[in-house]
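Fold and geometry: a report
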Amino acid sequence: MNRFISSALLVLLTASAFAEDPILYARPRELGRLANTDIKASAGIAISLENENLLWSHNRGDTLPRFFGFNLQGTHVVEYRIDAKLIELQDMASYRVERQATLVFADVGDYELKRKSYVLYLLREPRMTKAPKFGKIDTIKPQMTLEFTYDTGPQHCQAVAVDASDPKAIKFIFISSNEGGNCIVYELPMPGTRDKGPLVAKTIAKLTIPTVTSLDISPDGSRMMVLTYGDGYEFTRTGDKKWSDALATKPRILEMPIRHKGEAICYGADGKTLYLTADGARTPLWMVGVREE
């Protein structure tokens with residue numbers, strides 16, 4: 001059975017469980033290709049919450065700690081450097097608390113499972129009031145650096161998201177990229193000023209789905225999209241339900257475009273539209289929007 005038929009059957013099997021879901025997703029659509037050929041392995045993508053119609057991305061394993069901004073047609077807009085030493089940058093996310101938008105860069109790759117700790121870099125998202133000066137590349141110093149471990153020991157991770165729906169209880173979510181469909185979900189609360197000691201991301205769920213390559217949570221905290229090299233798996237929650245409860249339910253399965261090592265996905269600012277990229281220079285930029293009635 002090919003992947004397209006399999007995906008269609010899975011959607012039909014799970015459709016009844018989401019009859020109350022107001023979002024009807026359209027088929028994936030290519031918006032353009034990333035014009036900046038320095039983006040050779042787009043391993044993370046995040047919507048800008050400070051600049052309209054702008055997306056951010058970074059390379060996997062780049063020797064330079066940098067990230068790129070481009071518009072919804074893939075046209076290059078700006079490049080920034082991060083004042084940090086990276087080991088294996090694998091994903092990124094964006095979130096807003098009140099008036100401040102933050103970008104999160106996750107240095108969490110560990111193919112050989114030898115790292116003693118992992119790092120999140122939190123940067124204030126740059127706001128561009130005018131077009132960047134050609135050739136100018138600014139360096140941004142992280143506002144916060146969070147070093148942590150997992151409660152199960154070393155893990156290779158490619159998927160990180162932020163749940164900032166409760167500004168007083170921000171949580172970082174990680175999903176391990178174990179092959180064979182046995183993925184572990186971890187949660188790390190934002191530390192408070194009085195918190196002391198090492199930070200530990202704790203297990204909250206286990207998923208039996210293909211290798212997870214990316215992850216994002218909608219701005220309102222109601223949806224979580226888990227991406228694989230094939231389809232996407234969307235979990236939803238309502239009210240005060242915890243992610244551990246939501247992840248114990250059957251996900252909605254969305255057919256994603258065929259990609260070469262697709263390792264990046266994010267929700268748009270509306271919490272409904274999805275954007276994807278993949279490996280390779282001039283990778284396509286795809287959108288999964290809301291179906292028009």
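The coordinates are above.
Residues numbered from 1 in each chain as written. Predicted model: local features only at pLDDT ≥ 70, side-chain atom pairs only at ≥ 80, totals over all residues. Heavy atoms only, no water.

**Thoughts on the packing of aromatic side chains**
This is how the line gets drawn: Pairs were defined over the aromatic rings of Phe, Tyr and Trp, the Trp ring being its six-membered one, requiring ring centres within 6.5 Å. Orientation was assigned from the angle between planes: stacked under 30 degrees, edge-to-face over 60, tilted for the rest. Secondary structure elements follow DSSP: runs of H or I no shorter than four residues count as helices, runs of E no shorter than two count as strands, and numbering proceeds from the N terminus. Throughout this description, buried means an accessible area under 20% of the type-specific maximum (1.4 Å probe, protein chains only), exposed means over 50%, and partly exposed covers the range between.
Evaluated as defined, the whole model comprises ten aromatic pairs. Seen from their ring centres, Phe67 and Tyr80 are 5.6 Å apart, and the 25° between their planes marks the pair as stacked. Here Phe67, found in strand β4 (residues 66–71), pairs with Tyr80, found in strand β5 (residues 76–82); they are 13 residues apart in sequence, far enough to count as distant. Its relative accessible area of 0% is what places Phe67 among the buried residues. Here the aromatic cluster, defined as three or more aromatic residues joined through ring pairs, consists of Tyr118, Phe148, Tyr150, Phe174 and Tyr186.

**Observations concerning the sheet that holds strand β15 (residues 212–217)**
So the rule is basically this: Any two strands between which DSSP finds at least two bridges are classified as paired. Simply put, an axis is a line fit to the C-alpha atoms, just over the touching stretch for a helix, and the angle between two N-to-C directions goes from 0 to 180 degrees.
Here four strands make up an open sheet; going across it, the order is β15-β16-β17-β18 and the pairing antiparallel. With partners counted over all chains shown, the strands left at the sheet margins are β15 and β18 (252–254), one partner each. Neighbour to neighbour, the strand axes of the sheet diverge by 20° on average, direction disregarded. Note: strand β17 (residues 232–236) against β18, three bridges, orientation antiparallel. Bridging from a neighbouring strand, Glu234 pairs with Arg252 of β18.

**Observations concerning the sheet that holds strand β9 (residues 138–140)**
Pairing is mixed in the open sheet, where five strands are placed in the order β2-β3-β4-β5-β9. The open sheet terminates on both sides in strands that have one partner only, identified here as β2 (42–47) and β9. Across the sheet, the mean angle separating the axes of adjacent strands is 30° when strand polarity is ignored. Bridge analysis of β2 against strand β3 (residues 54–59) gives five bridges, and the strand direction is antiparallel. Its bridge partner being in β3, Ser42 is matched across the sheet by Asn59.

**Remarks on the side chain of His58**
Filter applied, for reference: Note on contacts: a residue pair qualifies if any of its non-hydrogen atoms lie within 4.5 Å across the two residues.
With respect to the helices, strands and loops of the structure, His58 is situated in strand β3. Leaving out residues up to four positions away in the same chain, His58 has contacts with Ala41, Ser42, Ala43, Gly44, Arg66, Phe67, Phe68, Leu89, Gln90, Asp91, Met92 and Phe105.

**Brief notes about unusual backbone geometry**
Within the chain, Glu98 stands out as a residue other than glycine whose phi angle is a positive 55°. Following the sequence through the fold, Glu98 ends up in the loop between β6 (89–97) and β7 (100–107).

**A few points about the pattern of salt bridges**
Spelled out, the test is: Counted as salt bridges are all cases of a side-chain nitrogen of Lys or Arg within 4 Å of a carboxyl oxygen of Asp or Glu.
Counted according to the given criterion, the structure contains 15 salt bridges. The closest approach of N and O atoms between Arg27 and Glu255, which form a salt bridge, is 3.7 Å. Of this pair, Arg27 sits in the loop between α1 (3–15) and β1 (29–33) while Glu255 is found in the loop between β18 and β19 (264–267), placing the two residues 228 residues apart along the sequence. The class for Glu255 is partly exposed, based on a relative accessible area of 22%. Among the salt bridges present, the one from Arg252 reaches Glu234, with a minimum N-O distance of 3.9 Å. Here Arg252 is found in strand β18, whereas its partner Glu234 is found in strand β17, with 18 residues between them in sequence. Beyond isolated ion pairs, a larger network of salt bridges with shared partners links Asp38, Arg66, Glu79 and Arg81.

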